[in-house]
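Listed below are the residues making up each chain.
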Amino acid sequence: MKLGVVGLPNVGKSTLFNAITKAGAEAANYPFCTIEPNTGIVAVPDERLDKLEAMYSPKKKTPAVIEFVDIAGLVSGASRGEGLGNKFLSHIRECDAIVHVVRCFEDPDIIRHADSVGPQHDIETINLELIAADRESVAKRAERATKMLKTGDKKFAEESEIGNRLLAHLDSLQPARTCPMTEKEREIVRDWFLLTTKPVIYACNIKEDDLGRDESELEGVDEVKAIAAEENAKVLVISAKIEEDIAQMDDEEKTMFLEELGIGKSGLDRLISECYDLLGLISFLTAGADECRAWTIKKGTKAPQAAGKIHSDFERGFIRAEIVAFNDLMANGTMVACKEKGLVRSEGKEYVMQDGDVTLFRFNV
């Protein structure tokens, strides 16, 4: 999973990226300090994997991972190349989802870029650039499909219809993800790699002192939530500066600090949870003396395709999956005890994997 972290210059985007990846991207107080996208690979926190490690004492533990890409601050005119915009937009196309950082506080010591006024305006500024870039792409697709209608190929008729409808939607300054489409139409559009079809999480960057307060009282947060509701996007309230502090702590310090703040989980943990939900992802687990590992799959994935995540031979020669629910394994202490109680199930090719399935695949090639 690859997440693009975007936002106007000086909204706290690179500070947040530094905190969640500890990758050390420069977070200077001026626009375009991030010229090349910084990339950080983050382990997905999963207490279940920690407990399996304690049970099996494996040679190694391998968590699922997320790749974060810190994309330089976008500005008005990015779709026309302003501020190296075309280059930055191409980086967004490669991501599965967008984390859009929005500054929800004022600070005289932090310069606001000329394009930045407040949360609603800031979101509109970036969305308009993404929409403008998509409009250009869709117009070319629709024009080509319309010209090819004379071939009689049904595919071009479908592309022309959805292309022109989507073009009108973008012309009304609405992102492509809010355009009503059938599942088949979404399949067609998916291959166009549009920017505004990507799922979005709006990260409301608030002051350190505001963390833990009632979100309805926080400056700008309601504005962001209203926009997100219209777009079926998600909202996460976070303090980039606090996350930066947390990133420097060991596990014990971090736990105590979070308890003092009364927030329970770090922003990173909450962000990852929201991303999994947004993208419809779950994890299944494998465990043994050699390795305990978490594997990320889409909800609805069947057992053979999940096996293919481990190795293509597992999918090709799939026989069955031996599965025990994580909670059952923890309650009974060992896989042997679970088998004796009939809690280990033998599932075939039509089994739909569930979050937290502890799985052993049987295969033959």
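Please refer to the structure placed before this passage.
The structure contained in this document is the topic of the report that follows. (Residues numbered from 1 in each chain as written. Predicted model: local features only at pLDDT ≥ 70, side-chain atom pairs only at ≥ 80, totals over all residues. Heavy atoms only, no water.)

Topic: the environment of G118
Next, step 1: For G118, the location among the structural elements is in the loop between β5 (97-103) and α4 (119-147).
Next, step 2: Among the residues examined, G118 registers a relative accessible area of 14% and is labelled buried.
Next, step 3: In this structure the C-alpha to C-alpha distance between G118 and E106, which are 12 residues apart in sequence, comes to 9.1 Å. (Helix = DSSP H or I, 4+ residues; strand = E, 2+ residues; numbered from the N terminus. Buried < 20%, exposed > 50% of the residue type's maximum accessible area, 1.4 Å probe, protein only.)

Structural notes on unusual backbone geometry
Next, step 1: In this structure, N10 is a non-glycine residue whose phi angle is positive, near 65°.
Next, step 2: With respect to the helices and strands, the residue N10 is situated in the loop between β1 (2-6) and α1 (13-21).
Next, step 3: Residue N232 is not a glycine yet carries a positive backbone phi of 60°.
Next, step 4: Considering the arrangement of structural elements, one finds N232 in the loop between α7 (221-231) and β7 (234-238).
Next, step 5: Here N232 falls in the exposed class, since its relative accessible area comes to 68%.

Section: the nonpolar core
Next, step 1: L3, F68, I92, Y202 and L271 are the most contacted members of the largest nonpolar core, which totals 66 residues.
Next, step 2: The greatest single-element share of this core, amounting to 6 residues, is contributed by helix α10 (residues 267-279).
Next, step 3: Counting 14 residues, the second largest nonpolar core, distinct from the first, contains I282, I297, I323 and Y351. (Core = buried A, V, L, I, M, F, W, Y, C linked by side-chain atoms within 4.5 Å.)

Examining the pattern of salt bridges
Next, step 1: Summed over all chains, the structure comprises 29 salt bridges.
Next, step 2: As a salt-bridge pair, R165 and E161 come within 3.1 Å of each other at their nearest N and O atoms. Of this pair, R165 and E161 both sit in helix α5 (residues 154-171), 4 residues apart, roughly one helical turn.
Next, step 3: Salt bridges sharing common partners tie together D46, R48 and D355. (Salt bridge = Lys/Arg side-chain N within 4 Å of Asp/Glu carboxyl O.)

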